[in-house]
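# Analysis of the macromolecular model
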Amino acid sequence: MALPDGLAAALERVAALHSDCDLGNPGTPSATVAVLRQSDQVLDYLVLADSPVVFEGTEGGHTVVTDLRVDDVLPDLRAEVERHETHTQGHREALQRLVSAQRVIRNTSDGYWVAGANPEAAHHGLTGSVMLRDVRSAAVMSDGVSRLVTEYEMATWDDIFVTLRADGPRGLIRTVRETEATDPTGRRWPRYKSGDDATVAYCRW
């Protein structure tokens with residue numbers, strides 16, 4: 001099964017478990033998705049929203065697959081959130097305005113796509129394949145981990161994979177939390193919250 005079709009079927013099954021809920025409500029829970037599947041000598045991937053799949057090449061270097069369309073919408077409201085330190089009243093109010101505006105354009109052609117109750121979202125992710133012979137290892141992670149590179153700029157992708165080889169996902173997540181603890185109010189790194197969900201799957205061949 002193609003990965004978008006598999007994801008669409010999964011979203012339909014989950015939605016069917018909650019048929020008594022108002023799944024058309026803009027506030028319906030949603031999530032990012034990052035999938036990596038090995039099929040013989042081919043690795044297929046699907047990324048929906050900003051949880052990346054990162055490949056470490058056998059000849060060095062890294063390929064990052066991530067969907068950052070959410071960063072292109074509502075820039076003024078995003079900037080307003082980032083002007084405030086986290087845990088302040090101003091931050092909470094600005095974040096609520098941003099979230100309310102995002103809900104209106106989420107999973108529409110004018111906005112960005114995430115996994116929710118509408119299975120159509122599955123067909124708006126980034127998909128592709130790479131040959132296994134070209135990959136030394138890969139990491140599938142939530143943006144709560146990748147921000148160590150992309151937002152905090154406290155590590156390179158090479159650093160990430162060195163940590164994964166030495167200490168595994170637990171060690172990498174610990175590094176993220178220790179970094180965030182040095183800036184609990186978002187003064188150095190403006191953000192929506194002190195720390196986001198951090199998940200990693202590390203694959204080696």
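A few points on the structure. No experiment lies behind these values; they were computed from the predicted model shown.

## Focus: the overall build of the protein chain
- If you tally the helices and strands in the protein chain, you get five helices and seven strands.
- Its helices and strands in sequence order give the protein chain the pattern α-β-β-β-β-α-α-β-β-α-α-β, from N to C terminus.
- The C-alpha atoms of the protein chain give a radius of gyration of 18 Å, which matches the 17 Å a tight globule of 205 residues would have.
- Viewed in the frame of its principal axes, the protein chain has a C-alpha envelope of about 50 × 45 × 25 Å.

## Re the pattern of salt bridges
- As enumerated under the stated definition, the model contains 11 salt bridges in all.
- Measuring nitrogen to oxygen at the nearest pair gives 2.9 Å for the salt bridge that ties Asp183 to Arg191. Arg191 carries the same exposure label as Asp183, and that label is buried.
- Between Asp196 and Lys193 there is a salt bridge, with its nearest N and O atoms 3.4 Å apart.
- Residue Lys193 is classed as partly exposed on the basis of its relative accessible area of 43%.
- It is possible to trace a salt-bridge network through shared partners that takes in Asp143, Arg147, Lys193 and Asp196.

## Re the sheet that holds strand S5 (residues 126-131)
- What the three strands build is an open sheet, ordered S1-S2-S5; its pairing is antiparallel. Of all the strands in the sheet, the pair left with one neighbour each is strand S1 (33-39) and S5. On average, adjacent strands in this sheet sit at an angle of 15° to one another, irrespective of strand direction.
- As paired elements, S1 and strand S2 (residues 42-48) share seven bridges and run antiparallel to each other. When the sheet's bridge partners are listed, Val33 is paired in S2 with Leu48.
- Where helix H1 (residues 3-16) meets the sheet, its contacts fall on S1, S2 and S5, and the angle it forms with S2 comes to roughly 50°.

## Observations concerning unusual backbone geometry
- A positive phi angle, close to 60°, is found at Asp40, a residue other than glycine.
- In this fold, Asp40 is placed in the loop between S1 and S2.
- For Asn107, which is not glycine, the phi torsion reads 60° and is therefore positive.
- Considering the arrangement of structural elements, one finds Asn107 in the loop between helix H3 (89-105) and S5.

## Observations regarding the environment of Asp50
- Mapping Asp50 onto the fold places it in the loop between S2 and strand S3 (53-57).
- Distance from Asp50 to Ala201, taken between C-alpha atoms, is 15 Å for residues 151 residues apart in sequence.
- Among all residues touching Asp50, those that are not within four sequence positions of it are Thr32, Thr66, Asp67, Leu68, Val70 and Asp143.

## Topic: the sheet that holds strand S6 (residues 135-141)
- Spatial ordering of the open sheet is given by S4-S3-S6-S7, a layout of four strands whose pairing is antiparallel. Edge strands, defined here as strands with exactly one partner in the open sheet, are strand S4 (62-65) and strand S7 (200-204). With strand direction ignored, the average angle separating the axes of adjacent strands in the sheet is 15°.
- In this sheet, S6 lies alongside S3 in antiparallel orientation, the contact comprising five bridges. The partner of Gly57 across the bridge, within S6, is Val135.
- Contacts between helix H5 (residues 157-181) and the sheet are confined to S3, S4, S6 and S7, with S7 contributing the most and set at about 115° to the helix.

Parameters at a glance
Residues numbered from 1 in each chain as written. Predicted model: local features only at pLDDT ≥ 70, side-chain atom pairs only at ≥ 80, totals over all residues. Heavy atoms only, no water. Helix = DSSP H or I, 4+ residues; strand = E, 2+ residues; numbered from the N terminus. Rg over C-alpha atoms; globule rule 2.2 N^0.38 Å. Salt bridge = Lys/Arg side-chain N within 4 Å of Asp/Glu carboxyl O. Buried < 20%, exposed > 50% of the residue type's maximum accessible area, 1.4 Å probe, protein only. Pairing = 2+ DSSP bridges. Axes fitted to C-alpha atoms, helices over the stretch in contact; angles between N-to-C directions. Contact = heavy atoms within 4.5 Å.

The values are spatial; any link to function lies outside them.
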